[in-house]
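# Chain and residue survey
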Amino acid sequence: MAFSRVRKVDIFRTAAVMLGSLLTSLLLLHLLTTSCTSGGPLRTRRLVYEGPSGSEPGGYGAGRIASRFLAGERARRVNMDAPGESLSSFPPGVEVSRRVSPRFAGKVSPLGEGSKKLPQALIIGVKKGGTRALLEFLRVHPDIRAVGAEPHFFDRNYDNGLEWYRELMPKTLEGQITMEKTPSYFVTREAPARISAMSRDTKVIVVVRDPVTRAISDYTQTLSKKPDIPSFESLTFKNRTTGLIDTSWSAIQIGIYAKHLDNWLQYFPMDQILFVSGERLISDPAGELGRVQDFLGLKRIITDKHFYFNQTKGFPCLKKAEGSSKPHCLGKTKGRTHPNIDPEVVQRLRDFYRPFNMKFYQMTGRFFGWDD
C-alpha cells in the first residue's frame, strides 16, 4: 500500500511538471504571436541576439533570455531607436546586431533622411558652355539632388578615394538621382576610365556651345581675374603671319569637341551620353530640360512655367529656385560682356573649327548650327 501511494505521488508530480511546462510553452507562444501581429514596434524590427563569441546562444538558456526580454519589451513598448535608450538596457553578455535587410541597404536611414550615394549622373562639360545654368535648373526637380560646388574628383582629387567622394554627396531617398558637375572632366584624359570604374551605368551630360564663342567667353573670364594677360588675338596664334592656331592654349583646345568625344566613346556607349545645346539652353530652356529629364528617366516636371527671360542679363532665370519662393538668376560672373575681337581672327577660328564641328555633328547625330 505504501509503495502504491509513493508511485501515485510520483505520477502526480510528473504530471504537474509536464502541465507546468506545457503552460509555459503556450504562454511563450502567445507572447511571440502577439508581438508579431500587434503592429507595435516589435513587428517592424528584427533582433538578433549574439553572445560574446559571435554565435547565437542556444538551448534552454537562449529561450529564457528571449522570453524575459520579449516580456520586458511588451511591457515597455520602447522602440530600439528611441532617444535616450542605450545598449546597456539589453541582457548582460548579449550584443544586439542591427542587421539591415538587403532591400533597404543604402537607401533610407533609420530616421528617413536618406543616405549618401555615388552619383548616377554627371555633368562633365564643357567649361563656359552653360553647365552652371543647367545644374541650377535641374535642381528644381524634386527627384534630383546635386552638389553645388564642383568636386573635381575624377581630375584633381582621385587619390582621395570613392568614400571621400561619396561623403561630398547630398543625401537622397529611393528613386532620387544624385548628381554633380565638373566641366573639366570632358577634357581630362583619365576621367572616362575612372568614371567607368566607378559605374559603367553612369549617365553623362555635356553642354556644348559654339567653340569660337566659348573660347572668347573663356578668355573673358580669365581677363576678369588677370587684367594684364595678353590679348585674345596674340594668344590665339602661334604665328599671326602664317595664321597657325595655337591648339595648346586651353581656350582653343577645349572646343575641339570631336577629339575629346573620341576618348569618351572608348568607355561609354553613345546612348549614355547626352549633348545639350548651350544656345538652346538660352533660347528654349524648357525644351532642353525636357530632353535632359527624359534622358535621366524622370517625369517632365520642369517646364516653361519655371522660367522667365531676364532682358538685362540676356538669359533665362528661374521664377522660383530650389527651396525658395523668390526668382533666381545666375550671379554677376555669368553673362559678362565680351571684349571686341578682331573680326579677321574670329573668321580664322571659324575656319579652324569647321572640320572638327562637322565630325562632331556626325558622331552625335545632331546638328548644332555653329557654321551657318
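From a predicted model like this one, the values you see are computed outputs, not experimental measurements.

### Some points on the nonpolar core
By size, the foremost hydrophobic cluster in this structure holds 30 residues, and its most contacted members are F154, W264 and F360. Mapped by element, the contributors of at least two residues to this core are β4 (121-125), α5 (191-198), β8 (203-208), α9 (257-264), β11 (273-277) and α12 (343-364). No other element matches the four residues that α9 contributes to this core. Excluding its chain neighbours within four sequence positions, the residues that come into contact with F154 are L122, Y165, Y185, T188, A191, R194, I195 and M198. Among the nonpolar cores identified, the runner-up in size contains 29 residues, and I123, I144, A146 and M179 belong to it.

### Focus: the environment of P269
With respect to the secondary-structure elements, P269 resides in the loop between α9 and β11. Taking C-alpha positions, P269 is 9.7 Å from R200, a pair spaced 69 residues apart along the chain.

### Concerning the sheet that holds β4
Read from one edge of the open sheet, five strands run β5-β7-β4-β8-β11, paired in parallel fashion. Where the open sheet ends on each side, the last strands, each with one partner, are β5 (144-146) and β11. Looking at each pair of strands side by side, their axes are set apart by 25 degrees on average, direction ignored. Pairing geometry for β8 and β11, over five bridges, is parallel. Residue pairing in the sheet places I205 in a bridge with L274 of β11. Across the sheet, α9 lies against β4, β8 and β11, angled at about 160 degrees from β11, the strand it touches most.

### Observations regarding the packing of helix α3 (residues 131-138) against helix α11 (residues 285-295)
Two elements in contact, α3 and α11, have axes separated by 11 Å at closest approach and are oriented at 75 degrees. When the axis of α3 is compared with that of α11, the two are roughly perpendicular. Residues L134, F137 and L138 of α3 lie in contact with α11, whose contacting residues are P285, L289 and V292. Partitioning the contact of α3 with α11 into residue classes produces six nonpolar, no polar and no charged.

### Some remarks on the side chain of H141
Within the element layout of this structure, H141 appears in the loop between α3 and β5. Look past the residues within four positions of H141 in its chain and what remains in contact with it is Q293, L298, K299, I301 and I302.

### Some words on the confidence of the model for the protein chain
Averaged over all residues, the pLDDT of the protein chain is 79; the fraction at 70 or higher stands at 66%. Here residues 35-111 scores under 50 on pLDDT; set against residues more than four positions off or in separate chains, the count is 74 contacts.

### Re unusual backbone geometry
Working note: non-glycine residues mostly have negative phi, and peptide bonds are mostly trans. G125 connects to V126 through a cis peptide bond whose omega is -5 degrees. Mapped onto the secondary structure, V126 falls in the loop between β4 and α3. Positive phi, normally seen in glycine, also occurs at K128, with a value near 60 degrees. In this structure, K128 sits in the loop between β4 and α3. For K128, a relative accessible area of 14% translates into the label buried. Although it is not a glycine, H152 adopts a positive phi angle of roughly 50 degrees. Here H152 lies in the loop between β5 and α4 (162-167).

### Brief notes about the pattern of salt bridges
For the structure shown, the criterion picks out 19 salt bridges. Notably, a salt bridge pairs D210 with R350, separated by 2.9 Å at the nearest N-O pair. With D210 in the loop between β8 and α6 (211-225) and R350 in helix α12, this residue pair connects regions lying 140 residues apart in the sequence. Taking relative accessible area as the criterion, D210 reaches 8% and is therefore assigned buried. Exposure remark for R350: the relative accessible area of 24% places this residue in the partly exposed category. The residue E288 makes a salt bridge to R291 at a minimum N-O spacing of 3.3 Å. Of this pair, E288 and R291 both sit in helix α11, three residues apart, which is roughly one turn of the helix. Classification of R291 as partly exposed rests on a relative accessible area of 26%. Salt bridges here are not isolated pairs; linked through shared partners, they connect R280, D284, E288, R291 and R366.

Conventions and cut-offs
- Residues numbered from 1 in each chain as written.
- Predicted model: local features only at pLDDT ≥ 70, side-chain atom pairs only at ≥ 80, totals over all residues.
- Heavy atoms only, no water.
- Core = buried A, V, L, I, M, F, W, Y, C linked by side-chain atoms within 4.5 Å.
- Buried < 20%, exposed > 50% of the residue type's maximum accessible area, 1.4 Å probe, protein only.
- Helix = DSSP H or I, 4+ residues; strand = E, 2+ residues; numbered from the N terminus.
- Contact = heavy atoms within 4.5 Å.
- Pairing = 2+ DSSP bridges.
- Axes fitted to C-alpha atoms, helices over the stretch in contact; angles between N-to-C directions.
- Parallel < 35°, antiparallel > 145°, perpendicular 65-115°, else oblique.
- Nonpolar A, V, L, I, M, F, W, Y, C, P; charged D, E, K, R; others polar.
- pLDDT = per-residue confidence, 0-100.
- Salt bridge = Lys/Arg side-chain N within 4 Å of Asp/Glu carboxyl O.

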